[in-house]
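Observations on chain architecture
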Amino acid sequence: AVILNQIGETHKLLAEYSEAIKQHEKALKIFEEADSKEQLAVTNFYIGNAYNWADELDIAFNYLDKSLKLAERLRSPELKVKPLGSLGILFTKQKKYDKALDYFFEAIDNSNLSGNIRIKADLLKSLGNLYNQLQRYDEAIKVLHESAEICQNLNLKQPLHLVNLFISDAFMATGNYE
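Now for a description of the structure that goes with this document. (Residues numbered from 1 in each chain as written. Predicted model: local features only at pLDDT ≥ 70, side-chain atom pairs only at ≥ 80, totals over all residues. Heavy atoms only, no water.)

Digging into the pattern of salt bridges
We apply this condition: The salt bridge criterion pairs a side-chain nitrogen of Lys or Arg with a carboxyl oxygen of Asp or Glu, the two atoms within 4 Å. Only DSSP runs of H or I with at least four residues qualify as helices, and only runs of E with at least two residues qualify as strands; both kinds are numbered from the N terminus onward. Partly exposed residues are those whose accessible area sits between 20% and 50% of the maximum for their type, while under 20% is buried and over 50% is exposed, using a 1.4 Å probe and protein chains only.
Tallied over the entire structure, the rule returns eight salt bridges. For Asp55, the salt bridge goes to Lys93, with nearest N and O atoms at 2.9 Å. Of this pair, Asp55 sits in the loop between helix H3 (37-53) and helix H4 (57-73) while Lys93 sits in helix H5 (residues 77-93), and the two are 38 residues apart along the sequence. For Asp55, a relative accessible area of 53% gives the class exposed. The exposure class assigned to Lys93 is partly exposed, which follows from its relative accessible area of 35%. Lys120 is the salt-bridge partner of Glu146, the closest N and O atoms lying 3.5 Å from each other.

Here we look at the environment of Tyr97
Here is the rule: By definition in these notes, contact holds between two residues if any of their heavy atoms fall within 4.5 Å.
Along the chain, Tyr97 falls in helix H6 (residues 97-114). As a C-alpha pair, Tyr97 and Lys82 span 15 residues in sequence and 18 Å in three-dimensional space. Excluding its chain neighbours within four sequence positions, the residues that come into contact with Tyr97 are Phe91, Thr92, Leu130, Gln133 and Leu134.

A few points about the packing of aromatic side chains
Keep this limit in mind: Any two of the Phe, Tyr and Trp rings considered here, Trp counted by its six-membered ring, make a pair once their centres fall within 6.5 Å; the pair's planes then place it as stacked at under 30 degrees, edge-to-face at over 60, or tilted in between.
Summed over all chains, the structure comprises five aromatic pairs. With centroids separated by 5.8 Å and ring planes inclined at 50°, the aromatic side chains of Phe45 and Tyr46 adopt a geometry described as tilted. On the basis of an interplanar angle of 65° and a centroid distance of 6.1 Å, the ring pair of Phe61 and Phe91 is categorised as edge-to-face. With Phe61 in helix H4 and Phe91 in helix H5, the pair connects residues that are 30 residues apart, well separated along the chain. Since its relative accessible area comes to 27%, Phe61 is described here as partly exposed.

Notes on the side chain of Thr43
Rule in force here: In the analysis that follows, any N or O atom pair within 3.5 Å is treated as a polar contact, provided that within protein one partner can donate a hydrogen and the other can accept it, and provided that, for residues neighboring in sequence, both atoms belong to side chains.
Position of Thr43 among the secondary structure elements: in helix H3. A relative accessible area of 0% means that Thr43 is categorised as buried. From its side chain, Thr43 meets the backbone oxygen of Gln39 in a polar contact 2.8 Å long. With sequence-adjacent residues up to four places away left out, Thr43 is seen in contact with Asn5, His24, Ala27, Leu28 and Phe31.

Some words on the packing of H3 against H5
Operational definition: Lines fitted to C-alpha atoms define the axes here, with helix axes fitted over just the stretch in contact, and angles between the N-to-C directions of these axes take values from 0 to 180 degrees. Any angle between 65 and 115 degrees counts as roughly perpendicular, while under 35 counts as roughly parallel, over 145 as roughly antiparallel, and the rest as oblique. By convention the crossing between two helices is left-handed if the near helix lies anticlockwise of the far one by an angle smaller than a right angle, and right-handed if it lies clockwise. For this classification, the nonpolar set comprises Ala, Val, Leu, Ile, Met, Phe, Trp, Tyr, Cys and Pro, the charged set comprises Asp, Glu, Lys and Arg, and every other residue, Gly included, is treated as polar.
At their nearest, the axes of H3 and H5 sit 10 Å apart, and the two run at 20° to each other. Taken together, the axes of H3 and H5 lie roughly parallel to each other. Classified by chirality, the crossing of H5 by H3 is left-handed. Touching Glu38, Ala41, Val42, Phe45, Asn49, Asn52 and Trp53 of H3 are Leu79, Lys82, Pro83, Ser86, Ile89, Leu90 and Lys93, all from H5. The residue inventory of the contact of H3 with H5, partitioned by class, reads eight nonpolar, three polar and three charged.

Structure below.
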């Protein structure tokens, strides 16, 4: 089932969302039979995230919410981070910005609790993008610089590429073309 999830993630990166979802659903059935609550939370996240990438937001919400609820029952900040962040992205897409902010802040809090610095960089990138959409450019630049610093310290090219694009967007919007 873990390998099926990895195959699903590969399909997702190739934008083959329906195939990704099929692989994750196979994994979900195995984890349901094994009654592995932690892996059920992870796999529901994978499915919800694939639907989120495919812009099928209502279906994505259902899986992400299920993942989050399982993670909350397990009292695991590590398991909560990804569904919270993905829900933040989902609500950003739906232009429900207050909800998106709440989910991003909670995700960042949980990434701090779990010590997952890598995912924090990705969350800050998405939060910076949201601030850009809200035309809160100073806040965008601040969180994006924090994300960039984490990426450079960890030698991460992804999400650094997008972080730099979002920083550029923020500076351009404020008229700072240099």
